[in-house]
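One letter stands for each residue in the lines below.
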Amino acid sequence: MVENKKFRINQFIRVPEVRLIDSDGTMLGIVKTVEALSKAQSLDLDLVEISPQASPPVCKIVNFSKFKYDMEKKDKEAKKRQKISQIKEVRIRPHIGEHDLEVKIKHARSFVEDGNKVQITAMFSGREMQHKDLGIKVMNKIKESLFDIAEAEGRTSSMGTRIFLTLGPKKKVK
């Protein structure tokens, strides 16, 4: 006799008729809510509203605590399979050495292979600001070296003393 936030059960179902599903999964058709409730109580089970948006709402005769446990188990399983991608950042300077650039590219490659997005940030200071084209060249070099596994998401953008480029994993064609 507990009211749940997701599902309405037993006397909290306030529609005149429901589409009833028996405890073994067979469709019993459209019946009056009072009859469905009495049938559930005679089996010592609960009447649970599964689909309230349907017309008439779909209700099932089940043990509510077991039903709730199964739903939580499904939610946990779905959450476990869900992949959350993050944005990783790789910072560079416009006058970066060749070997240092290769190391940064290697880090960015591993981030993209793990399924994350990579934000490449070129930072300028002092008179370097007058040669933003050097930073853009380095960005393009990184973009070309990661072309096989990553694609640019949007254009290279500039904000203050920094230039940004976001790379994401390429979409797999089915």
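None of the values given here were measured: they were computed from a predicted structure. (Residues numbered from 1 in each chain as written. Predicted model: local features only at pLDDT ≥ 70, side-chain atom pairs only at ≥ 80, totals over all residues. Heavy atoms only, no water.)

Asks: Help me get a handle on the side chain of N116, residues and values and all.
Replies: Position of N116 relative to the elements: it lies in the loop between α3 (98-113) and β6 (117-123). Reaching out from N116, the side chain makes a polar contact with the backbone nitrogen of Q86 at a distance of 3.1 Å. Apart from the residues within four sequence positions on either side, N116 is in contact with K83, I84, S85, Q86, K88, F111 and P169. (Helix = DSSP H or I, 4+ residues; strand = E, 2+ residues; numbered from the N terminus. Polar contact = N/O pair within 3.5 Å; in protein donor to acceptor, adjacent residues only side chain to side chain. Contact = heavy atoms within 4.5 Å.)

Asks: A description of the environment of D133 should follow, citing residues and the corresponding values.
Replies: Along the polypeptide, D133 turns up in helix α4 (residues 132-145). Along the chain, D133 and A122 lie eleven residues apart, while their C-alpha atoms are 11 Å from each other.

Asks: Residue-level account of helix α1 (residues 33-42), with values.
Replies: Each α-helix turn comprises 3.6 residues. Residues three or four places apart therefore point the same way. Those residues of α1 that fall on the buried side of the exposure criterion are T33, A36, L37 and A40. Around the axis of α1, the buried residues are gathered within 100° of arc, so they sit on the same side. Within α1, the exposed residues directed more than 90 degrees away from the buried face are V34 and S42. Contacts made by the buried residues of α1 are with β1 (17-21), β2 (27-32), β3 (46-51) and β4 (58-62). Backbone geometry just after α1 places D44 at a positive phi near 65°. (Buried < 20%, exposed > 50% of the residue type's maximum accessible area, 1.4 Å probe, protein only. Arc of directions from axis to C-beta.)

Asks: Residue-level account of the sheet that holds β1, with values.
Replies: In space, the four strands of this open sheet follow the order β2-β1-β4-β3, with mixed pairing throughout. Every other strand in the sheet has two partners, leaving β2 and β3 as the edge strands with one partner each. For this sheet, the mean inter-axis angle between neighbouring strands, taken without regard to orientation, is 35°. By the bridge criterion, five bridges tie β1 to β2 in an arrangement that is antiparallel. Bridge pairing in β2 links I21 to M27. Strands in contact with α1 are β1, β2, β3 and β4; relative to β2, the strand with the most contacts, it is inclined by about 125°. Set on the sheet, helix α2 (residues 64-81) makes contact with β3 and β4; between it and β3 the angle comes to about 35°. (Pairing = 2+ DSSP bridges. Axes fitted to C-alpha atoms, helices over the stretch in contact; angles between N-to-C directions.)

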